[in-house]
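As a plain string of letters, each chain reads:
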Amino acid sequence: MARRTEVTTPEILPQETRADASLRPERLAHFVGQDSVKEGLRISIEAAIKRGEPLDHILFHGPPGLGKTTLAMLLAREMAVNIINTSGPVIEKPADLVGALTNLRAGDILFIDEIHRLRPVIEEFLYPAMEDFKVEVRLSEGPRAQTMTMSVEPFTLVGATTRFGLLTAPMRARFGITERLDFYPSRDLARIIERSARILGVEATGAGARELAKRARGTPRVANRLLRRVRDFAQVRADGVLDASVVRDALELLNVDEYGLDGMDVRILLTIIDNFGGGPVGLNSLAVALGEDAGTIEEVYEPFLIQEGFMMRGPRGRVATGKAFTRFGRPVPDGGGAGPGDGPVAGQPTLFN
């Protein structure tokens, strides 16, 4: 269930390839973007080292692909400790965590990805471990069940979640440090792309990196994924150099437009505009119309569409903005389409979640 990781070399997580792992920065100073988060972590790391204590428990939250897992790995490296990786969905019972917790050495980090998906019984098991560094081990079942209290070494729990609101209040309260990661501006993504290109042995011009950054949805994971696809295109269809024109041609082939919208983004917006008159439409109704999981729409696609002003989300459902109508050459409704601070498009029916 849980995996111990020595942090002297880049860790290859189960969902990654070796190429993915090689693109991770090896020091916190090499991590591009999220400057306020990095500065707060630097202070916490320096203070913990001076006191000879573990870091306080840390929670990272925000959209996927922004570096939550990478920051957890870098914390272990900066503190010169080991890290054990696991995730909420694979922890089915307290016994799944006992081995990990009892194998932690003083100061080690336990990283739980998707921590919002922990079962309530697991949360209850974690509370004394986080607060008092003790775990209650059940020795038998039934009304006369016996338990044994075991001490664990002082450790740091680092949690990562894309659904901060789904964490229970008692769990949130037990994290001493809570940091939100936001989408990256294009200038930071361009720096990440230039660094990744050097690691991959690809020549990328500054203009090419900036063009790719504009279409990367504010997300380093997307930027690196697109970089590998553009590299393939450049090697086969061009001279191997990623300049602005090569990037544009490659991303046009991949159906990624100048706003960074991909095929699924387009389907979502056109479904709201054409099928539901611009909205409002409830999430579940939208998911059925698209044949897509509602959670995927809400967690993966909506944050970027809202951030870029193509969609609004309110108590009555999802609404396409005037910018979305204009993007697809549709006439903007009489009310001008939904815009920042506006309500649903006038005259449209309301569909609830």
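Residues numbered from 1 in each chain as written. Predicted model: local features only at pLDDT ≥ 70, side-chain atom pairs only at ≥ 80, totals over all residues. Heavy atoms only, no water.

A. Focus on helix α5 (residues 120-132). Between its terminal C-alpha atoms α5 stretches 19 Å, which fits the 18 Å expected from 13 residues at 1.5 Å a residue. Those residues of α5 that sit buried are Ile122, Glu123, Phe125, Leu126, Tyr127, Ala129 and Met130. The first or second residue beyond α5 is Phe133, which carries a positive phi of 55°. (Helix = DSSP H or I, 4+ residues; strand = E, 2+ residues; numbered from the N terminus. Expected span 1.5 Å × (residues − 1). Buried < 20%, exposed > 50% of the residue type's maximum accessible area, 1.4 Å probe, protein only.)

B. Quick peek at the pairing of strand β2 (residues 58-61). Where burial is concerned, the two faces of β2 agree: the one with Ile58 and Phe60 and the one with Leu59 and His61 are both buried. Of the strand pairs in this sheet, β2 and strand β7 (residues 156-161) are connected by four bridges, and their pairing is parallel. Looking across to β7, one finds that Phe60 is bridged to Ala160. Where β2 lies against strand β8 (residues 177-180), four bridges are found, and the strand directions are parallel. Residue pairing in the sheet places His61 in a bridge with Arg180 of β8. (Pairing = 2+ DSSP bridges.)

C. Structural view of the side chain of Thr219. Of note, Thr219 is situated in the loop between α8 (206-214) and α9 (220-237). Not counting residues within four places of it along the chain, the set of residues in contact with Thr219 comprises Pro64, Gly65, Leu66, Phe183 and Leu189. (Contact = heavy atoms within 4.5 Å.)

D. Fine view of the nonpolar core. Counting residues in each nonpolar core, the largest one holds 76 residues, and the members touching the most others are Phe60, Leu75 and Ile268. Sequence-distant contacts of Ile268, that is, excluding residues within four places in its chain, are made with Leu286, Leu290, Ile297, Tyr301, Leu305 and Met311. Core analysis: the next-biggest nonpolar cluster, separate from the first, contains 26 residues, Leu101, Leu110, Phe125 and Leu167 among them. (Core = buried A, V, L, I, M, F, W, Y, C linked by side-chain atoms within 4.5 Å.)

E. Local environment of the packing of α8 against helix α10 (residues 244-253). Relative to each other, α8 and α10 sit at 30°, their axes nearing to 7 Å. The pairing of α8 with α10 is recorded here as roughly parallel in orientation. For the pair α8 and α10, the contacting residues are Ala207, Gly208, Glu211 and Leu212 in the first and Ala244, Val247, Arg248 and Leu251 in the second. Taken together, the residues that form the contact of α8 with α10 break down as five nonpolar, one polar and two charged. (Axes fitted to C-alpha atoms, helices over the stretch in contact; angles between N-to-C directions. Parallel < 35°, antiparallel > 145°, perpendicular 65-115°, else oblique. Nonpolar A, V, L, I, M, F, W, Y, C, P; charged D, E, K, R; others polar.)

F. Region of interest: the packing of aromatic side chains. A full pass over the atoms with the stated rule returns two aromatic pairs. Look at Phe133 and Phe155: their rings are 5.8 Å apart centre to centre, the planes differ by 75°, and that puts the pair in the edge-to-face class. Of the two residues, Phe133 is situated in the loop between α5 and β5 (134-138) and Phe155 in the loop between β6 (147-151) and β7; the sequence distance between them amounts to 22 residues. Given a relative accessible area of 23%, Phe133 falls into the partly exposed group. Taking the relative accessible area as the measure of exposure, Phe155 reaches 1% and is therefore buried. Between Tyr259 and Phe310 the ring centres are 5.5 Å apart and the planes differ by 80°, which places this aromatic pair in the edge-to-face class. With Tyr259 in the loop between α10 and α11 (263-275) and Phe310 in the loop between α13 (294-307) and β11 (311-314), the pair connects residues that are 51 residues apart, well separated along the chain. Classification of Tyr259 as partly exposed rests on a relative accessible area of 33%. The class of Phe310 is buried, set by a relative accessible area of 0%. Lying over the aromatic face of Tyr127, Arg174 brings its terminal NZ or CZ to 3.9 Å of the ring centre. One cation-aromatic arrangement involves Lys323 over Phe310; the distance from NZ or CZ to the ring centre is 4.7 Å. (Phe/Tyr/Trp six-rings, centres within 6.5 Å; stacked < 30°, edge-to-face > 60°. Lys NZ or Arg CZ within 6 Å of the ring centre and 35° of its normal.)

G. Seen up close, helix α3 (residues 68-79). The first and last C-alpha atoms of α3 sit 17 Å apart over 12 residues, in line with the 16 Å expected at 1.5 Å per residue. With respect to burial, α3 is a largely interior element, 11 of its 12 residues being buried. Taken together, the buried positions of α3 are Lys68, Thr69, Thr70, Leu71, Ala72, Met73, Leu74, Leu75, Ala76, Arg77 and Met79. Looking one or two residues past α3, Ala80 carries a phi angle of roughly 55°, positive in sign.

H. Up close: the packing of helix α12 (residues 283-290) against α13. As a packed pair, α12 and α13 sit with axes 9 Å apart at the nearest point and diverge in direction by 100°. Viewed along their axes, α12 and α13 adopt a mutual orientation that is roughly perpendicular. Residues Leu283, Asn284, Leu286, Ala287 and Leu290 of α12 pack against Ala294, Ile297, Glu298 and Glu302 of α13.

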